[in-house]
Amino acid sequence: MKQYIFKYALLLGAVALWSCEPKVDEFTPSTGTADFSKFIAIGDSYTAGYTDGALGRRGQEESFSAILGKQLMYVGSDSYNQPFVLSESSVGSTQLQPGVFNGYYELNIVDGSLKPQPTVGDANIFGEQVASAENQNYGVPGAKLIHLLAEGFGNPAAGVGNYNPFYTRFMSQPMASVLGDALAAQASFISLWAGNNDVLAYAMAGGEGDAITDPAIFAGAYSQALTALVANGAKGVLGNIPAVETIPFFNTVPYNALPLDQATADMLNAAYTDYNAAADANGLPRIEFSAGANALVIADESWPLMGIRQIKADEKFLLTLPTDKIANEGWGTQVPVPAEYVLDATELAAIATATAEYNVTIKSLSEQHGFAHADLNMKMKELSTTGIIIDGHTYTGAFVTGGVFSLDGIHATGRGSAIIANAFIDAINAKFDASIPRANINDYNMVEFP
């Protein structure tokens, strides 16, 4: 009898345990107060799917906009059509030699270490004609905000350097504008992430190229674009501009990238005896070396002593700095590093000021027009400081190993794009009381190792 009582007690216990198991509610997608039936994405290279230094089918399929478009299909979006590259290759904006453009960067073993190396791209991609009334991606690599409003932005008749061949591929007609083509799509919901190149073009040239867009001009153009886009009642989400310090292109090569032994340091100090005497006489910092890691000597036209000095700890080298010249040609010691590879304190301050003002504009206009606001600046800061843990894997802003940034040091990997898409999704859900499922990060790629 006792054994039956015991078995009955076990059965009751099992039933009790079963009844106490937590119930997991199924996720039910919902549109909230937004209409996602016709989604379009407008922007620059991030929206287009540029990655690893080039535009190709792989990057297009794993762009944040494509991932966002896929997730919006759970809440009523019918499709997400893109102006796909027809070639099996890719093409970037850098010429390896006259008429020969780079393709995707790949990791290769060079001099015993892994380094990104460009493949040869397919320039025929620029000549593709893939305009379609069904297009939903209006991302143009290299475009500044004002370019999106410019008629003839893709017109080859303007002459080399005066038009954008990435837009030429899918423009509706030679004097079209990106904004005009986007308006013709009659979207119900829009993502707009533009303005990155308004500081990046300047920053990526070490402050020696295009000027930073005046924040007042930026604000006027952004307001004009958004006013036109919402005229038919569309809603959407705006992305803001990340700080350049959070991007590996600007924080991978350290300021003190010059290792020296004491004998070499002594030799270099002797070579700068006259310089240092003049520096002392004028109350300026000396150029000095010691055993260990040393700051490199850079060119600085504004510097009152010979136009050269050592880089400061809070200044930046660009990823494009040819580090082999440090070891083999005396760059940073006998030869100052050219200014095109450096962002000095003044340039960084100008970039930070403009970025902050752009972001005030974007936030203000998102509130004015009832758009969601995706804080990509904060997301990139999080990646570059603490990192983000997803499914047990830590993603950071580190070059190559962080999982987020591709081999060009600017654009995202597939998983980086998924993280960005989820930031947009979170903002949309919060603003419109929607329930759009987040993308599964593990469905997408990171940097490929040989």
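Asks: How do you make sense of the pairing of strand β8 (residues 189-193) when you look at a structure like this?
Replies: In summary, the side chains of a regular strand alternate between the two faces of the sheet. Counting buried residues in β8 gives five out of five residues, a clear majority hidden from the surface. Burial of the side chains of β8 extends over both faces: F189, S191 and W193 are buried on one face and I190 and L192 on the other. When strand β1 (residues 39-43) meets β8, the two strands line up parallel, connected through five bridges. Each residue of the ladder has a partner; that of F39, found in β8, is F189. Bridge count for β8 against strand β9 (residues 235-239) is four bridges, and the pairing is parallel. Paired with I190 across the strands is G236, a residue of β9.

Asks: It is not clear to me how the sheet that holds β9 should be interpreted in this structure. Could you clarify?
Replies: Spatially, five strands are ordered β7-β1-β8-β9-β16 in an open sheet, and the strand pairing comes out parallel. What marks the edges here is a single partner per strand, and that holds for β7 (137-139) and β16 (372-374). Sheet twist, expressed as the average angle between the axes of neighbouring strands with direction ignored, equals 15°. Pairing of β1 with β7 involves three bridges; the strand directions are parallel. Looking at β7, one finds that G43 is bridged to G139.

Asks: What is the right way to look at empty space enclosed by the protein in this model?
Replies: Inspection of every chain in the model, using the stated rule, returns one cavity of 30 Å³ or more. In this model, the largest cavity occupies a volume close to 70 Å³. Along its surface, the largest cavity is lined by A48, L55, Q60, Q82, P83, N137, G139, V140, P141, F166, R169 and F170. Classifying every residue of the lining of the largest cavity by side-chain character gives seven nonpolar, four polar and one charged.

Here is what the cut-offs are and how they apply
- Residues numbered from 1 in each chain as written.
- Predicted model: local features only at pLDDT ≥ 70, side-chain atom pairs only at ≥ 80, totals over all residues.
- Heavy atoms only, no water.
- Buried < 20%, exposed > 50% of the residue type's maximum accessible area, 1.4 Å probe, protein only.
- Helix = DSSP H or I, 4+ residues; strand = E, 2+ residues; numbered from the N terminus.
- Pairing = 2+ DSSP bridges.
- Axes fitted to C-alpha atoms, helices over the stretch in contact; angles between N-to-C directions.
- 1 Å grid on protein atoms, 1.4 Å probe; cavity = no way out; pocket = protein on both sides within 12 Å on 5 of 7 lines; lining within 4 Å.
- Points joined across faces, edges and corners; volume = space filled by probe spheres on them.
- Nonpolar A, V, L, I, M, F, W, Y, C, P; charged D, E, K, R; others polar.

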